[in-house]
Amino acid sequence: MQELFEQSRYAPKNHSVAKLLAEYSSKYMPVFEKVKKDWNPTIREFYRSTMGLRLYNGVKGKKAIGDAGVSIQIRPHKDDSFLKAVDEMLPDVDFDRYAQLRELRDTLLKVSLHYASDPERDKVYKWMLQDTRNYLKGNSLSGPFTAMMKTPGSHRSLFGNYTYLDQHVELFYMPLLIFCKYKEVDLQWAIVVVLAHELAHAYHHAGRDNDGRVWAGMGRAHLWIREGLAMYYSERFVASQERSYPALRKAYDGLLDGSGEEYTSYLSWKNEYSLEHVKLALSMVRRHNVTRYEHFLEKLAEAKKLMN
Ligand SMILES: [Zn+2]
């Protein structure tokens, strides 16, 4: 499907946010398009082999169209609640000045010895450091992010979404652009992480096993099962690439940091099981339509026992 360039209907009051929005089509849209083109096949190949699942395999003429069927749409945001929260909490924050002052603070901390030797200079130094810290604290974007993250399920869907009904992946560029500016995370790697997360959902739900089965009841499974499996597989994907692309790991960790517990619950079981254990457990969970979290943990243990 060919997605059209969709503009936000909400007009942000914060001028830094408005600037990002205005620059999107010329400056950032090419990054989204490039990630989509370059990383979509790599992520899908990794999932096909690690999950043993395939998305719809169409045939066009004599040519097989591998894993077509889940389109990727790039939209401004899911709804305007995040941009509204930024406007309400931080109407005046300037992202460039914020980044510059953070750099100044880090530099000031490194040169404290230079000023400490002279009481007069030390006084000015301490004032400057405190003033810089005050600005950073008062204008931190963590306020709006925390407000969004307190609502279960809304953190990851702030950046992207997978829809069960018509099976497509959406990436939301405004929250991603703001997040990357704020955390100094490279945009392209943040997009790869979110794309990997949403595609994991797509495979778990619509991927066919060798018997042709999908997981129609996935939407009823406990949030910790759905998000835990998506986090597990996207993290494994990151692990498979991080030697060549260390910035990808930094983006993953940045996005994980401060996430709700439905996104971090997998950390409690991920080291207990190998990729093959989880693959077998996933297959059982899908076949038996497991919905309760305790049963999911039992399937993991059962898979390990069967294989070891
Ligand atoms: Zn998710």
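Anyway, here's the lowdown on the structure attached to this text. (Residues numbered from 1 in each chain as written. Predicted model: local features only at pLDDT ≥ 70, side-chain atom pairs only at ≥ 80, totals over all residues. Heavy atoms only, no water.)

The subject of this paragraph is the coordination of the zinc ion. For the zinc ion, the full set of protein donor atoms is His197 (NE2), His201 (NE2), Glu227 (OE) and Glu227 (OE), and the range of their distances to it is 2.1 to 2.7 Å. Classification of the site at the zinc ion as irregular follows from its 4 donor atoms and the range of 53 to 144° in their angles at the metal. Between consecutive donors of the zinc ion, the numbers of intervening residues give the motif H-x3-H-x25-E. Of this pair, histidine 197 sits in helix α9 (residues 187-206) while glutamate 227 sits in helix α10 (residues 223-241), and the two are 30 residues apart along the sequence. The buried category is assigned to histidine 197, whose relative accessible area is 1%. With a relative accessible area of 10%, glutamate 227 lands in the buried category. (Donors = N, O, S within 2.8 Å, 3.2 Å for Na, K, Ca; no water. Tetrahedral: all angles 85-135°; square planar, octahedral: opposite > 155°, others 65-115°. Helix = DSSP H or I, 4+ residues; strand = E, 2+ residues; numbered from the N terminus. Buried < 20%, exposed > 50% of the residue type's maximum accessible area, 1.4 Å probe, protein only.)

On to the pairing of strand β3 (residues 71-75), then. The element β3 is extensively covered by neighbouring structure, given that 5 of its 5 residues are classed as buried. Along β3, one buried face is formed by Ser71, Gln73 and Arg75 and the opposite face, lined by Ile72 and Ile74, is buried too. Summarising the sheet, β3 and strand β5 (residues 168-172) pair through 5 bridges and their orientation is parallel. The residue bridging arginine 75 from the neighbouring strand is phenylalanine 172, located in β5. (Pairing = 2+ DSSP bridges.)

Within the chain, glutamine 167 stands out as a residue other than glycine whose phi angle is a positive 50°. Structurally, glutamine 167 is set in the loop between β4 (160-163) and β5. Assessed through its relative accessible area of 29%, glutamine 167 is described here as partly exposed. In this model, asparagine 289 sits at a positive phi of 50°, which is unusual for a non-glycine residue. Within the element layout of this structure, asparagine 289 appears in the loop between α13 (275-287) and α14 (293-307).

Another point: the side chain of threonine 163. Here threonine 163 shows up in strand β4. Assessed through its relative accessible area of 17%, threonine 163 is described here as buried. What threonine 163 contacts, discounting residues up to four positions off in sequence, is His168 and Glu170. (Contact = heavy atoms within 4.5 Å.)

That's the geometry; what it means functionally is another story.
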